Every structure is written in C-alpha cells, then in structure tokens.
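Report on the structure
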Amino acid sequence: MKLEQSFYQRRDVTRIARELLGKGLFTRQGGKTSGGIIVETEAYSNTERGCHAYQNRMTNRNEIMFGEGGHAYVYLCYGIHNLFNVVTNGEGEADAVLIRALEPVEGLQLMKARMKVKNDNRITSGPGKLTKALGIDRRLNGQPLWSRDLWLEDLGSRIGKDQIVMSARIGIDYAGSDALLPWRFTLRDNLWISK
DNA sequence: TAGAGGATTGAT
DNA sequence: TCAATCCTCTAC
C-alpha cells in the first residue's frame, strides 16, 4: 500500500526518517518497475546548519522543500549525482529526509542496465547510486510520492527499535556542531547501507 | 557576472 | 587521496 500524504506531513522529521526504514521506494518507467527497501536515511531540519533550508533560506533549488510534505526534492550534487529527498512537515516548514541506500527488490535487470554493470553488487548502496539505478533525476523534483511513476510503499515489515542504528550524517562538515547530530538512520547489519 | 564549492563516487 | 563535473549561491 502506498504511503499516504499524512505520513509525510507530521512535524518530527527524525521520526519520519526512522519510520522510512523498511519502506519501499519504487519508480516506473517504460512500463517497468524498479526499486527496493529503504535501509538508510538522513533527516534534515530547517533548524540546523546541515539543511539547505536552514533558517528558512529559500532559493530556486530548495523551493520545493517549503511546500507541503509528501513530494520529491531532487537536486544535483557535485555536478554529477542526483540526490533524492522526501519533503516532510506542513507548508512553510522546510524539512526533508535524504534516502541514502536501498536493498534492491524489483527490476534488478533494469537497474543493472542503468548502472552499466553486470552483477548486482551494491548497485543501490549510496544516495547518488540509487537515483541512477532507479532512473531518478531532477525531472522528478516536486513529484508527489504517491504518483504512478514514483512512490513509497508500506511493505508491511515491522522494524524494531533494536534494529535501528543512529549515527552522524555524512559529508556535512560545513554544518559545524550540527554535523554531530545523530540523524542518520540505518538498519543494523544490513549489507546494503553506504560505505 | 565571476568564482567558489558541494547531503558523492570510483579509481589510484 | 583525488579528479570528475556543473549547477547553485554569494559577493561584487
């Protein structure tokens, strides 16, 4: 069952980031579905320096974060990689969850073809890699997450607290002490989390 | 309008 | 450890 918009519109972005573990992320292109189980997320809130929308700073790039929760925020990082975020909270409250890694479930052949590799080793184990594997780019920026071509799904799995590992977020040294917030969530001992 | 740098990745 | 690569943001 696709996640409903109310799931995303809650205020506590770290809770949403935790609850997204074990959920499914899928795309459908050319009549073919690909995607997998979310195993790694990071929360970003407008109250801390790691966030593009820190102190409600709105730019052309992050404008979609200020809309209502439940939409995709896709942007280009390092000139090379598309990064996929889930916008959360209500309109005017710019929070988001970065999806960092998936465990592949569906459309293996298609994902391997997009990655131009023959084996399926770690094809979705990183934020830039999973977008490439699923065919996600900035054209999907602002797309609702219950769309026909892009959606998140409750797969019915139950994730216990002891299965969730919290740690500091990756690659945001510029955020100073906020870089130390334990807002990265991974599934314990999962093979598919990023390096 | 110029210049710096980035929520990454894979090769060396 | 380092280059790839280009868009975004800031400062002038």
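Residues numbered from 1 in each chain as written. Chains lettered and ligands numbered in written order. Predicted model: local features only at pLDDT ≥ 70, side-chain atom pairs only at ≥ 80, totals over all residues.

Quick word on the protein's contact with DNA strand B
Quick note on the threshold: Using a C-beta atom placed from the backbone for every residue, we mark a residue as near a molecule or strand if that atom lies within 6 Å of it. Helix and strand definitions follow DSSP, with helices as H or I runs of at least four residues and strands as E runs of at least two, each counted in order from the N terminus. The nonpolar class holds Ala, Val, Leu, Ile, Met, Phe, Trp, Tyr, Cys and Pro. Asp, Glu, Lys and Arg form the charged class, and all remaining residues, Gly among them, are polar.
Residues in close proximity to DNA strand B total 21 residues, the closest being H52, L98, G126, G128 and G171. Of all the secondary-structure elements, those providing two or more residues to the surface near DNA strand B are strand 4 (81-88), strand 5 (95-106) and helix 4 (127-134). Its residues assigned to classes, the surface near DNA strand B comprises 12 nonpolar, 8 polar and 1 charged.

Some thoughts on helix 4
Cut-off, in case you're wondering: Three exposure classes are used. Buried residues have 20 or more other C-beta atoms within 10 Å of their own C-beta, exposed residues have 12 or fewer, and partly exposed residues fall in between, all C-beta atoms being placed from the backbone. Regarding the arc, it is the one traced by the directions from the helix axis to the C-beta atoms. Note on contacts: each residue gets a C-beta atom placed from the backbone, and two residues are in contact if those atoms are within 7 Å.
The set of residues buried in helix 4 consists of P127, L130, T131, A133 and L134. Mapping the buried residues of helix 4 onto a view down its axis gives an arc of 165°, with all of them on the same face. If you follow the buried residues of helix 4, they end up packed against strand 1 (24-29), strand 2 (32-44), strand 4, strand 5 and helix 3 (108-115). Once helix 4 finishes, G135 follows within two positions and takes phi at roughly 75°, a positive value.

Notes on the packing of helix 3 against helix 4
Heads up, the condition is: Orientation is described by axes fitted as lines to C-alpha atoms, over the contacting stretch for helices, and by angles from 0 to 180 degrees between their N-to-C directions. We call two directions roughly parallel when the angle between them is under 35 degrees, roughly antiparallel when it is over 145, roughly perpendicular when it lies between 65 and 115, and oblique otherwise. Rotating anticlockwise by less than a right angle from the far helix to the near helix defines a left-handed crossing, while the corresponding clockwise rotation defines a right-handed one.
Packing of helix 3 against helix 4 brings their axes to within 7 Å, and their N-to-C directions diverge by 115°. As the angle between them shows, helix 3 and helix 4 are arranged roughly perpendicular. Note on packing geometry: the crossing formed by helix 3 with helix 4 is right-handed. The residues of helix 4 that touch helix 3, namely those facing M111, R114 and M115, are K132, A133 and L134. Taken together, the residues that form the contact of helix 3 with helix 4 break down as 4 nonpolar, no polar and 2 charged.

Looking at the pairing of strand 1
Short version of the rule: Should DSSP find at least two bridges between two strands, the strands are taken to pair.
Direction of pairing for strand 1 relative to strand 2: antiparallel, over a ladder of 6 bridges. Looking across to strand 2, one finds that Q29 is bridged to K32. Counted along the chain from strand 1 to the antiparallel partner strand 2, the turn is 2 residues long, and its residue G30 has a positive phi close to 60°.

Regarding the environment of P104
Within the element layout of this structure, P104 appears in strand 5. For P104, a count of 21 C-beta atoms within 10 Å corresponds to the buried category. With sequence-adjacent residues up to four places away left out, P104 is seen in contact with G36, M111, D120, I123 and T124.

What about the pairing of strand 8 (residues 184-187)?
What you see with strand 8 is no split at all: R184 and T186 on one side and F185 and L187 on the other are buried throughout. Across 3 bridges, strand 2 lies against strand 8 in antiparallel orientation. Bridge pairing links E40 to T186 in strand 8. Taken together, the 4 bridges between strand 7 (residues 164-167) and strand 8 define a ladder with antiparallel strand orientation. What sits directly across from I164, in strand 8, is L187.

Examining the nonpolar core
Our working definition: Put simply, a nonpolar core is buried Ala, Val, Leu, Ile, Met, Phe, Trp, Tyr and Cys residues tied into one set by C-beta atoms within 7 Å.
Within the largest apolar cluster, 46 residues are counted, with the highest numbers of intra-cluster contacts made by V39 and V97. If sequence neighbours within four positions are ignored, V39 has contacts with L21, A101, L102, E103, T186, L187, N190, W192 and I193.

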